[in-house]
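# Examination of the molecular architecture
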Amino acid sequence: MIPDKHQNELDTFPPVLAELVYAELASGNSIVEIGHSFPAPPSGAFVALARQVSTRPRSAGGGLSFRARNSAISSGEFTDAERRYFVIEPPVETPAPDMDAIRRQHDGMPDAVTALSERPAVARPEPTPMQPAAAAGVEYLVHFRDARAFHEIQCLFESRLLVLFSVGVDAGMLRARANANVNGAQYAFVLQLESAGTSAHAYSLRITGSWAHFGAEYDDYFRGTSKSWCGLWTRNLVIADSPRDANTATTRYRELSDAALRAASEYRTVAEVQQAILAALRSGAKFVSSNKEGNTVIAWRHHRFMRVEDGENPGSETYADEATFLTRLEQFHRAEITRNASDGTLAALDAWKLILRRLQRGA
């Protein structure tokens, strides 16, 4: 039994890789995850299996290449000549460490080492328990402080989540909301400006995840991955306590609200977003993506737009005109920017806004 979300993903795989997956499923293997990150490039995907491949030799042949790995991520991977889609095997299990031997080894170590190991852990967002009726889900509430304006924080999360937020003022409170489909689970996000300060502002981000449409056997998987996703989305934030001085009636709060509403309506057409991207690239911005094969950099170099690949398959591509470049840019980002879309599709304007969010500015 393959969930529809996984079936739709498998339909995009090259036939030779899809046949391998189906053969493994028929032999009793199962899919742990389908994703679009390492080891696949942004335009590809991977299938992670629960067990090593048993329906064919773990070697190259039949249109597939194979690479054995010895890491915490996988023990091997199959791919085709284009190296955009992968079938990866689970890591080899290692025996549990002998804790008694470790304790004997550490007897008599200096007090400084013990003190270091007992230092307080860095505060990280923790799940807030949900009501029993919503057991197939989880909720996180993260408070943090940041000197950046609301629309800058919004852009940060849009880039990380690969979804766009809708901004509004509700009962005087500035909020931005978004929804995403992350590996089959439905997530809702509410970013809120709690108070505006002189040196930093108080923000909150509420993340609600639900996977009730899956069977109970998926609960442990989604509950475990939801915490990892939350940690990834909120990385590098200055976590803080809930503000006691929340105040939305200040001049500074109204200024931030007005700026956020103006930013939300800045681009009204695809052409406007495209011209903003071209201008940013000519001013030194660039698109950068990385995977195990190397890096891809899309930038303005030597008076032309270029895509440069380094690593195992180095190369470059230049474009004769802006129209050709924009077409190739959209094709390069298409799989990435639609990955978390609620229905798997995006309007053209929204797609180009997300491409704009992927720009890296500065050094």
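Keep in mind it's a predicted model, so treat the numbers as computed, not measured.

## Structural notes on the overall build of the protein
Within the protein, the secondary structure is distributed over 10 helices and 16 strands. For the protein, buried positions account for 41% of its 363 residues. Summarising the internal contacts of the protein: among those between residues at least 6 apart in sequence, 57% fall at separations of at least 24. A total accessible area of about 19600 Å² is found for the protein, and carbon and sulfur atoms account for 52% of it.

## Side note on the sheet that holds strand β2 (residues 45-49)
Here five strands make up an open sheet; going across it, the order is β1-β2-β5-β4-β3 and the pairing mixed. Lying at the two open borders of the sheet, with one neighbouring strand each, are β1 (31-35) and β3 (65-68). Ignoring strand direction, the axes of neighbouring strands in this sheet form an average angle of 20°. Across the sheet, helix α2 (residues 15-26) lies against β1, β2, β4 (76-79) and β5 (85-89), angled at about 30° from β5, the strand it touches most.

## As for the pattern of salt bridges
Scanning the model with the defined rule gives 15 salt bridges in all. The shortest N-O distance in the salt bridge between Glu139 and Arg206 comes to 3.3 Å. Of this pair, Glu139 sits in strand β7 (residues 137-146) while Arg206 sits in strand β11 (residues 201-210); the two residues are 67 residues apart in sequence, bridging distant segments of the chain. Residue Arg206 is classed as partly exposed on the basis of its relative accessible area of 34%. One continuous salt-bridge network, built from bridges that share partners, spans Arg69, Glu77 and Arg83.

## Section: the pairing of strand β10 (residues 185-195)
With nine of 11 residues buried, β10 lies mostly within the body of the structure. As paired strands, strand β9 (residues 173-182) and β10 are joined by eight bridges and run antiparallel to one another. Its bridge partner being in β10, Asn179 is matched across the sheet by Ala188. Once β9 ends, the chain turns through two residues before running back antiparallel as β10, passing Asn183 with a positive phi of about 50°. As paired elements, β10 and β11 share nine bridges and run antiparallel to each other. Bridging across to β11, Tyr187 finds its partner in Gly209. Adjacent in sequence and paired antiparallel, β10 and β11 are bridged by five residues.

## Focus: the nonpolar core
Residues Phe144, Phe150, Phe157, Phe165, Phe189, Leu191 and Ile207 are the most contacted members of the largest nonpolar core, which totals 35 residues. Elements represented by at least two residues in this core include exactly β7, α5 (150-161), β9, β10, β11, α6 (219-233) and α7 (251-264). For this core, the element with the most residues is β9, which contributes six residues. Sequence-distant contacts of Phe157, defined by excluding residues within four places in its chain, comprise Phe144, Leu162, Phe165, Leu191, Leu205, Trp233 and Leu237. In terms of nonpolar packing, the next biggest core, distinct from the first, is built from 21 residues, Ile277, Leu281, Phe305 and Tyr319 among them.

## Digging into the packing of aromatic side chains
Inspection of the entire model under this criterion finds 17 aromatic pairs. Note on Trp229 and Trp233: the rings are 5.6 Å apart at their centroids and 20° apart in plane angle, and the pair reads as stacked. One end of the pair, Trp229, and the other, Trp233, are both in helix α6, four residues apart, so they sit about a helical turn from each other. Taking the relative accessible area as the measure of exposure, Trp229 reaches 23% and is therefore partly exposed. Among the aromatic residues, those joined into a ring-pair cluster are Trp211, Phe214, Tyr218, Tyr221 and Phe222. Taking NZ or CZ as reference, Arg282 lies 4.7 Å from the ring centre of Trp300, over its face.

## Re unusual backbone geometry
Here the amide bond leading from Phe38 into Pro39 is cis, since omega sits at 10°, within 30 degrees of zero. Positionally, Pro39 belongs in the loop between β1 and β2. Here Ala171, not a glycine, exhibits a phi torsion of approximately 55°, which is positive. Within the fold, Ala171 resides in the loop between β8 (166-170) and β9. A positive phi angle is found at Asn236, which is not glycine, with a value near 70°. Position of Asn236 relative to the elements: it lies in the loop between α6 and β12 (238-239).

## Comments concerning the confidence of the model for the protein
Here the protein averages 85 in pLDDT, and 86% of its residues register 70 or above. Every residue in residues 109-124 scores below 50 in pLDDT, and together they form five contacts with partners more than four places removed in sequence or on other chains. The model gives residues 129-134 a pLDDT under 50, and that stretch makes four contacts with residues more than four places away or in other chains.

What counts and how
For every chain, the first residue of the written sequence is number 1, and numbering continues from 1 along that sequence. For a predicted model such as this one, the threshold for reporting local features is a pLDDT of at least 70, and the threshold for listing and counting side-chain atom pairs is 80 or more; totals across whole chains, interfaces and linings nevertheless cover every residue. Note: side-chain values were computed over all heavy atoms of the structure, leaving out hydrogens and water. Think of it this way: any DSSP run of H or I at least four residues long counts as a helix, any run of E at least two long counts as a strand, and we number them from the N terminus. Buried, partly exposed and exposed residues are distinguished by accessible area as a fraction of the type maximum, computed with a 1.4 Å probe on protein chains only: under 20%, between the cut-offs, and over 50%, respectively. Throughout, a contact is declared for two residues whenever any of their heavy atoms are within 4.5 Å. Each accessible area is a Shrake-Rupley estimate made with a 1.4 Å probe; only the visible protein chains count as cover when residues are assessed. By this definition, two strands are paired if DSSP reports at least two bridges between them. Between the N-to-C directions of two axes lies an angle of 0 to 180 degrees, each axis being a line fitted to C-alpha atoms and, for a helix, fitted only over the stretch in contact. Should a side-chain nitrogen of Lys or Arg be within 4 Å of a carboxyl oxygen of Asp or Glu, the pair is scored as a salt bridge. Nonpolar cores are built from buried Ala, Val, Leu, Ile, Met, Phe, Trp, Tyr and Cys residues. Side-chain atoms within 4.5 Å join them into one set. Each Phe, Tyr or Trp ring, with Trp reduced to its six-membered ring, pairs with another whose centre is within 6.5 Å; inter-plane angles below 30 degrees give stacked pairs, above 60 give edge-to-face pairs, and intermediate values give tilted ones. A ring is scored as having a charge over it whenever the NZ atom of a lysine or the CZ atom of an arginine sits within 6 Å of its centre and within 35 degrees of its normal. pLDDT expresses, on a scale from 0 to 100, how confident the predictor is about each individual residue.

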